[in-house]
Amino acid sequence: MTYVVSNIHGDIAAWKELLKKIKFTGNDAMFVLGDIIDIGEDGLEILEEMSYAQNIWPVAGEHEAVARKLLGGFQELLKNGKAPDADYIAGMQKWMMDGGAVTLDSFRKLDEDMKEGLLEYLDDMPLYEEVTVGGKKYFLVHSGITGFDPSDEFDAYEEDEFFGDAPVRKIPGYTVICGHSPSADGNVFYGDGFVNIDCGAGRGGRLAALRLEDGREYYV
């Protein structure tokens, strides 16, 4: 079976409970649509477990995109002994206020090999995935694509266009599955051409999974 999850936000207890609820096995597949880290304390532990799995594929959310830039910069500053510039400081302060403080704290406790492995894992995260299940095509993305034009290839868009304002979530030929913005009622939301599976985990809501074979929803 094929499952899609989004916006875990460091809540490892909810994620493990969800895996049990769906009875996830090595014969299944899971796509996790970003914002795995920040806010909750265990985001890096979740990433580590995912990195060992052969059937769990993450898609980068804006929290992963910010983390890989700032944590990579943090490592460079430590190695070079240089003072951070104003832009880096402003970016770090904004990330801390947006839930990144727990992630930075966890990162600093890792040994050098684990830090390097984590940064490589973040760097390798794609911005989207295309899958076909039961003859139906799905475009899996964290938020959408700002300024999407059907005549463009998906790879033509820059990273910031996947995390920009007013993302387009209607793509001809696909059902878009996304997260990013918690649904108003804590349930999976079905829009025009898209499905939002962010149900507010880490922010007082629930963690959801959608099974693509039959549309079944799971919540913890």
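These numbers come from a predicted model, not from an experiment.

Caption draft 1: Representation of the sheet that holds strand β8 (residues 194-196) in the model. Taken in spatial order, the 5 strands make up an open sheet running β4-β5-β6-β8-β7, and their pairing is mixed. Taken across any chain shown, the strands that pair with only one partner, and hence form the sheet edges, are β4 (128-133) and β7 (189-190). Where β4 and strand β5 (residues 136-141) come together, 6 bridges link them in antiparallel fashion. Paired with T132 across the strands is K137, a residue of β5.

Caption draft 2: Layout of the pairing of strand β2 (residues 29-32). The alternating pattern of β2 places A29 and F31 on one face and M30 and V32 on the opposite face, and all of these are buried. With 4 bridges connecting them, strand β1 (residues 2-5) and β2 associate as parallel partners. Along β2, the bridge assignment pairs T2 with A29. Between the parallel elements β1 and β2, the chain passes through helix α1 (residues 12-21) in a crossover that is right-handed. Bridge count between β2 and strand β3 (residues 56-58): 3 bridges; the pairing is parallel. The residue of β3 that forms the bridge with V32 is P58.

Caption draft 3: Summary view of the environment of G179. Assignment of secondary structure puts G179 in the loop between β6 (175-178) and β7. Residue classification places G179 among the buried residues on the basis of a relative accessible area of 0%. As for G179 and S6, which are separated by 173 residues in sequence, their C-alpha atoms are 5.6 Å apart. Discounting residues that sit within four places of it in the chain, G179 has contacts with S6, N7, V141, H142, R169, N196 and D198.

Conventions and cut-offs
Residues numbered from 1 in each chain as written. Predicted model: local features only at pLDDT ≥ 70, side-chain atom pairs only at ≥ 80, totals over all residues. Heavy atoms only, no water. Pairing = 2+ DSSP bridges. Helix = DSSP H or I, 4+ residues; strand = E, 2+ residues; numbered from the N terminus. Buried < 20%, exposed > 50% of the residue type's maximum accessible area, 1.4 Å probe, protein only. Right-handed = clockwise from strand over helix to strand, strands pointing away. Contact = heavy atoms within 4.5 Å.

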